[in-house]
Structures are given as structure tokens and as C-alpha cells.
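# A structural walkthrough
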Amino acid sequence: MSSSDSVNLEQLASEHPMVVVSLARTLYALPVMNVREMVSTPEVRSIPHPPPGVRGLINLRASVLPLFDLRSCFGMATQRDESLAFVAMLEQRKQDHKRWLDELAASVREGRAFTLTTDPHACAFGRWYDTYKTDNLMLDTVLRRFDEPHKRVHALGADVVGLVEAGKQAEALAQIDIARNGVLSQMMTLFDAAEEIIGAANREISVVVSNAGKSCAVAVDAIESVERLSRDGVTGMDEAMAGQRVQSILGVGRRTKDNAFVLILDPAMFLGAA
């Protein structure tokens with residue numbers, strides 16, 4: 001299979017189940033007849049000057065296979081890069097709040113004005129937190145638990161300023177120490193939990209694709225299902241794109257259960273380069 005001209009897409013979709021995978025919230029499918037197995041991506045060995053889209057080699061039960069990163073093939077940021085960026089952002093916001101409390105204490109000791117925000121919606125974490133949505137139920141649960149301690153940390157700023165203005169510097173510093181070991185520590189634990197969930201959630205899957213004695217592995221975000229697509233919903237990619245050939249995509253299908261679009265991948269995209 002190399003193009004929508006060389007395969008009957010309607011027959012392929014109706015007579016052969018498809019392995020439906022997700023990639024950056026988009027659904028793709030591979031003919032199940034070309035899928036040998038699906039595994040958690042093992043350790044990847046880098047190789048010098050790899051072909052486009054190839055991340056490296058994996059050893060799967062004594063078989064050495066090239067691993068294609070489907071995100072890289074389509075010009076997307078890799079799942080690993082997205083995960084690392086997300087964790088780095090959370091770590092930065094974690095350090096922000098440590099420095100915020102350190103600066104609050106320093107302002108009291110040095111007798112100067114505290115100039116950082118006491119509004120929990122105005123700090124970098126608050127602006128992100130107020131707008132971020134996730135489908136990950138575990139991450140959503142942890143993030144919801146941030147609301148109360150985050151507001152308490154920032155409210156402490158106003159309380160400390162009031163104590164200083166009343167000449168109660170020692171009491172202000174005592175309140176900061178209580179917060180450092182209490183509500184701030186609680187936030188640090190939540191940041192650690194969120195980072196751990198992100199790392200666990202983004203463990204990618206590799207689909208081993210085979211045909212005519214050739215095999216390779218393809219890294220995807222997740223396996224959604226093995227199912228037959230709707231025969232009536234299949235369109236060749238050339239037709240769907242008004243005559244424009246789209247390399248590696250045979251056509252567009254629809255799932256029977258919810259009519260969602262699925263891009264049907266051409267296994268030759270990988271096997272021809274393996």
C-alpha cells in the first residue's frame with residue numbers, strides 16, 4: 001500500500017478492523033492486518049544520522065527494530081518534549097512560591113516594602129491555573145486541591161504587611177515560619193504529585209507494524225481501540241484534499257460509535273523506510 005489509488009479504502013475499512021491510536025488529540029488508524037503487537041515503548045538506542053522521523057532502535061524480544069516517532073513524522077513536538085516542558089513549568093511555579101515566601105520574610109527583616117503580588121489570580125501560576133483544563137482525572141483531582149492552599153499563601157502577604165504596619169515584626173516572621181512548614185509545604189507536595197502524574201500519563205505506546213517480512217515500531221500517544229470504521233464514512237485523501245496528495249495518509253474514515261474523524265495511515269510510510 002502506498003497511496004489511496006492502490007487500495008480499496010471502503011473494503012479496507014469495512015472488512016478489516018483498524019487499530020485506532022491517538023496523537024495530540026487527533027485519531028489515526030492502522031490496518032490490524034499490519035499490526036503485529038502493541039507494547040509500552042522500551043528503551044530507545046540513538047543512532048547516528050537517523051532517517052527522518054526515526055528516533056532510534058529498540059530491542060523487542062531479540063528483534064532490533066527502528067522506532068518511528070509519529071509526532072516527529074508529522075512535524076509535531078514529541079510527547080516526551082511536551083511532558084518535559086509541562087513538568088519544567090510546574091517546577092518553575094513551585095520555585096516561584098518558595099522565592100515569594102523568602103522575599104516576604106526578607107522584606108520584614110530588612111524593613112522594606114513587599115512588592116510581590118498578594119493576589120492568587122495574578123501570579124504566573126494563578127493565571128495558568130485559572131484557565132487550564134485537563135481530561136486526566138488524576139491530574140484534575142490534584143490541581144483542584146491547589147485552590148485553598150494557594151489562596152492562603154497569597155493571603156499571608158496581606159496579613160504580614162498588616163502586622164508589620166502594626167509594629168509586630170516578630171509575629172509576622174512567626175506567621176511566615178508557620179506557613180513555610182504548613183501551607184507552603186502542602187503546595188510543594190501537590191506540585192510533586194502533579195509532576196509525577198504527568199510523567200506517568202505520558203508513557204507512550206509503540207505499535208509494531210509488519211508487512212512482507214519487514215517490521216518496525218511506531219510510537220504513538222495511546223491506543224484507543226481496535227474496531228471497524230464506518231464504510232460509508234471513508235474518503236480517499238486525494239479526494240478529501242481536492243486533488244492534493246498527502247504523503248502517508250491513505251484516507252479519512254469515521255468511527256461508527258461517535259462519527260469522529262480518523263486519519264487512515266499508510267503502513268508503507270514506515271515499512272518503506274525501515
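Preceding this section is the structure that the text describes.
First, a word on what this report is: a plain description of the structure on this page.

Cut-offs and rules
Residues numbered from 1 in each chain as written. Predicted model: local features only at pLDDT ≥ 70, side-chain atom pairs only at ≥ 80, totals over all residues. Heavy atoms only, no water. Core = buried A, V, L, I, M, F, W, Y, C linked by side-chain atoms within 4.5 Å. Buried < 20%, exposed > 50% of the residue type's maximum accessible area, 1.4 Å probe, protein only. Helix = DSSP H or I, 4+ residues; strand = E, 2+ residues; numbered from the N terminus. Contact = heavy atoms within 4.5 Å. Pairing = 2+ DSSP bridges. Axes fitted to C-alpha atoms, helices over the stretch in contact; angles between N-to-C directions. 1 Å grid on protein atoms, 1.4 Å probe; cavity = no way out; pocket = protein on both sides within 12 Å on 5 of 7 lines; lining within 4 Å. Points joined across faces, edges and corners; volume = space filled by probe spheres on them. Salt bridge = Lys/Arg side-chain N within 4 Å of Asp/Glu carboxyl O. Phe/Tyr/Trp six-rings, centres within 6.5 Å; stacked < 30°, edge-to-face > 60°.

## Focus on the nonpolar core
- Of all hydrophobic cores here, the largest spans 33 residues; its most connected members are Leu104, Trp128 and Phe146.
- Elements represented by at least two residues in this core include exactly helix 3 (79-110), helix 4 (124-129), helix 5 (137-144), helix 6 (147-165), helix 7 (169-181) and helix 8 (183-201).
- Tallying contributions element by element places helix 8 first for this core, with nine residues.
- Apart from residues lying up to four places away in sequence, tryptophan 128 is in contact with Phe86, Met89, Leu90 and Leu143.
- Leu23, Leu70, Val218 and Val220 belong to the second-largest nonpolar core, a separate cluster that totals 19 residues.

## Observations concerning the sheet that holds strand 6 (residues 205-211)
- Pairing in this open sheet of five strands is mixed, and the strands run 3-6-7-5-4 from one edge to the other. Two strands bound the open sheet, and with one partner strand each, they are strand 3 (35-40) and strand 4 (54-60). In this sheet, adjacent strand axes meet at a mean angle of 30° when their direction is disregarded.
- One ladder, built from five bridges, connects strand 3 with strand 6; its direction is antiparallel. Residue serine 40 lies in a different strand from strand 6, and its bridge partner there is isoleucine 205.

## Structural notes on unusual backbone geometry
- Phi is positive for arginine 61, close to 50°, though the residue is something other than glycine.
- Phi at alanine 212 takes a positive value of approximately 50°, unusual for a residue other than glycine.
- Within the secondary structure, alanine 212 is located in the loop between strand 6 and strand 7 (214-220).

## Details of empty space enclosed by the protein
- This structure, assessed with the given rule, holds one cavity of 30 Å³ or more.
- In this structure, the largest cavity encloses a volume near 50 Å³.
- The wall of the largest cavity is formed by Pro120, His121, Tyr129, Asp130, Phe146, Asp147, His150 and Lys151.
- Considering each element in turn, the lining of the largest cavity owes the most residues, three residues, to helix 6.

## Remarks on the pattern of salt bridges
- Under the defined criterion, the tally for this structure stands at 18 salt bridges.
- One salt bridge connects arginine 93 with aspartate 96, and the closest N-O pair in it is separated by 2.7 Å. In this pair, arginine 93 and aspartate 96 are both assigned in helix 3, three residues apart and thus about one turn of the helix distant.
- Look at aspartate 96 and you get partly exposed, because its relative accessible area is 22%.

## Thoughts on the packing of aromatic side chains
- Using the criterion set out here, one finds eleven aromatic pairs in the structure.
- Both rings, one in phenylalanine 125 and one in phenylalanine 146, keep their centres 5.1 Å apart while their planes meet at 50°; by these two values the pair is tilted. Of this pair, phenylalanine 125 sits in helix 4 while phenylalanine 146 sits in the loop between helix 5 and helix 6, and the two are 21 residues apart along the sequence. Taken as a pair, phenylalanine 125 and phenylalanine 146 share a single burial class, namely buried.
- When the centroid spacing of 4.7 Å and the interplanar angle of 65° are considered together, the rings of phenylalanine 146 and phenylalanine 191 count as edge-to-face. One end of the pair, phenylalanine 146, is in the loop between helix 5 and helix 6; the other, phenylalanine 191, is in helix 8, with 45 residues separating them in the sequence.

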